[in-house]
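# Examination of the molecular architecture
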Amino acid sequence: MSDKLEQELKKALRRVEPPASFAERVLARAAEEEKPGAPLRPWPQWLGMGGLRWAAASALCAALATSGLVYHHERQKQGEEAKEQLMLALRITSSKLQIAAEGVQQMNSPEENQP
Amino acid sequence: MPYIGVAAGWGNVTSAATALANQLNFEDLVREHERMVFSIAYHFLQNGAAAEEVSQDVFLALFRGLSKLESRAHVTFWLRRVTCHRSIDYARRNKNAAAEVSWDELPEQPPENNSAQRGDPMLSKRLRQVIATLPEKMRMIVILRYQEDAGLEEIAKALRIPLNTVKSTLHRAHAILREKIGAAIGEGNV
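Residues numbered from 1 in each chain as written. Chains lettered and ligands numbered in written order. Predicted model: local features only at pLDDT ≥ 70, side-chain atom pairs only at ≥ 80, totals over all residues.

In terms of regular secondary structure, chain B is built from nine helices and zero strands. Ordered by position in the sequence, the α and β elements of chain B form the string α-α-α-α-α-α-α-α-α. The buried share of chain B, taken over its 190 residues, is 28%. In chain B, 64% of the contacts between residues at least 6 apart in sequence involve partners at least 24 apart. (Helix = DSSP H or I, 4+ residues; strand = E, 2+ residues; numbered from the N terminus. Buried ≥ 20, exposed ≤ 12 C-beta atoms within 10 Å, placed from the backbone. Contact = placed C-beta atoms within 7 Å.)

Next comes the structure, spelled out in structure tokens:
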């Protein structure tokens, strides 16, 4: 890299003076922010923009976790209901089979087969 | 007189700050760093009003976050980094207004105390015009390198980009600048 170009770049990009009373305007705005009636920031100062992003990400994770738990709970409840229905159906079937078996047994018993 | 009003209100401001923030007096920091912050924004945006807007926002952000900064060196690094990012954001938001800076629109350099280091004003203006046409990251790297005399690692940290990217981007910037104004500074095109 040529020294000549670097020297010219340094000259072209030398620091410049800010407009007159720049610092005073900054300090006035800062003092304005601290006045009791100054409009509040929409989020606490300690939160900041980085904190806000983290809070939003955390809220999203919490919402996803909650919806996951609710879904899991609903699925479990549906499974238990299906299991109960199946057990009821089996009990009904079992009692019907019992009746049928008794009928068959009566037909096959010696007393009933006598003329 | 506005400054008296500011000074009177300042007591309340400092009373709310932490011990460290008191140690790093905000007013002193503004006066110490106003040239650095304004110049980065000014050279990047090529517009005095826009540079003042960005610079004021940067110092207000410093005011709000002063208690989190650990030392004067940290303040300098933080100010440089935030000014770079806010200037780039500002340029993106106002892209149509600042798409291309013509020779006539390019502002004159504000007065400099040390006129011996001013150099050829026409050449400096031409250089700034070419710098204004560089892509934003490349432009900011050139500004940090030659305005702030920042090292390559410092630039990489400030802009949060890899060191090798800084090196290659600066190399390309040199090539572009040499191609466009090499003859004016007594160098042939490469």
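Okay, back to it.
Assigned secondary structure in chain A consists of four helices and zero strands. Counting helices and strands in the order they occur from the N terminus, chain A gives α-α-α-α. Within chain A, buried positions represent 9% of all 115 residues.

What follows covers helix 3 (residues 26-45) of chain B. The sharpest bend along helix 3 of chain B reaches about 55 degrees and sits at His33(B). After helix 3 of chain B finishes, the residue Gln46(B) shows a positive phi value of roughly 55 degrees. (Bend = angle between axes of the 7 residues up to and from the residue.)

Peptide bonds are trans in most cases, and residues, glycine excluded, mostly fall at negative phi. If you check the backbone angles, Ser21(A) has positive phi at about 65 degrees while not being a glycine. Along the chain, Ser21(A) falls in the loop between helix 1 (3-12) and helix 2 (22-33). Notably, Gln46(B) is not glycine yet its phi reads approximately 55 degrees, a positive angle. Of note, Gln46(B) is situated in the loop between helix 3 and helix 4 (48-65). Classification of Gln46(B) as buried rests on a count of 20 C-beta atoms within 10 Å.

What follows is about the environment of Glu136(B). All names here are of chain B. Looking at the element boundaries, Glu 136 is found in helix 7 (residues 136-146). Residue Glu 136 is classed as partly exposed on the basis of its 15 C-beta neighbours within 10 Å. Through-space distance from the C-alpha of Glu 136 to that of Ser 87 is 9.5 Å; in sequence the pair is 49 residues apart. Discounting residues that sit within four places of it in the chain, Glu 136 has contacts with Ile 88 and Ala 91.

All right, on to the nonpolar core then. A general trend in soluble globular proteins is that nonpolar side chains are found buried together. All names here are of chain B. Grouped together as the largest cluster of nonpolar side chains are 44 residues, with contacts concentrated most on Ala 41, Leu 45 and Ile 143. A per-element tally of this core places helix 3 first, with 10 residues. Filtering out sequence-adjacent residues up to four positions away, Ala 41 remains in contact with Ala 51, Val 54, Ser 55, Thr 83 and Ser 87. (Core = buried A, V, L, I, M, F, W, Y, C linked by C-beta atoms within 7 Å.)

To continue, consider the packing of helix 7 of chain B against helix 9 (residues 163-181) of chain B. Residue and element names in this part refer to chain B. The contact between helix 7 and helix 9 brings their axes to 9 Å, and the two run at 90 degrees. Here helix 7 lies roughly perpendicular to helix 9, going by the angle between them. From helix 7, Lys 137, Met 138, Ile 141, Val 142 and Arg 145 reach across to helix 9, where they touch Val 166, Thr 169, Leu 170, Arg 172 and Ala 173. Of the residues that constitute the contact of helix 7 with helix 9, the class distribution is six nonpolar, one polar and three charged. (Axes fitted to C-alpha atoms, helices over the stretch in contact; angles between N-to-C directions. Parallel < 35°, antiparallel > 145°, perpendicular 65-115°, else oblique. Nonpolar A, V, L, I, M, F, W, Y, C, P; charged D, E, K, R; others polar.)

Residue and element names in this part refer to chain B. For helix 8 (residues 152-159), every residue scored as buried is listed here: Ile 155, Ala 158 and Leu 159. Down the axis of helix 8, the buried side of the element spans an arc of 85 degrees, and every buried residue falls inside it. In this structure, the buried residues of helix 8 make contact with helix 5 (72-93), helix 7 and helix 9. Arg 160 sits one or two positions beyond helix 8 and adopts a positive phi of about 55 degrees. (Arc of directions from axis to C-beta.)

Residues and elements named next belong to chain B. For the pair helix 4 and helix 5, interaxial distance at closest approach is 10 Å and the crossing angle is 135 degrees. By the criterion of interaxial angle, the relationship of helix 4 to helix 5 is oblique. In terms of crossing hand, the pair formed by helix 4 and helix 5 is right-handed. Together, Ala 50, Val 54, Asp 57, Val 58, Ala 61 and Leu 62 of helix 4 and Leu 79, Val 82, Thr 83, Arg 86, Ser 87 and Tyr 90 of helix 5 make up the contact between the two elements. (Left-handed = near helix turned anticlockwise from the far one by under 90°.)

Residue and element names in this part refer to chain B. Looking at the element boundaries, Leu 163 is found in helix 9. C-beta crowding within 10 Å serves as the criterion here: with 12 such atoms nearby, Leu 163 is assigned to the exposed category. Separated by 11 residues in the primary sequence, Leu 163 and Leu 152 place their C-alpha atoms 6.8 Å from one another.

Residue and element names in this part refer to chain B. The share of residues in chain B with pLDDT of 70 or more is 73%, and the mean pLDDT across the chain is 81. No element of chain B has a lower mean pLDDT than helix 1 (residues 2-15), which averages 41, and none a higher one than helix 7, which averages 97. Confidence drops under a pLDDT of 50 for residues 1-17, and excluding neighbours within four residues, the segment shows 20 contacts in the predicted structure. Prediction confidence for the complex, expressed as pTM and ipTM, is 0.64 and 0.75 respectively. (pLDDT = per-residue confidence, 0-100.)

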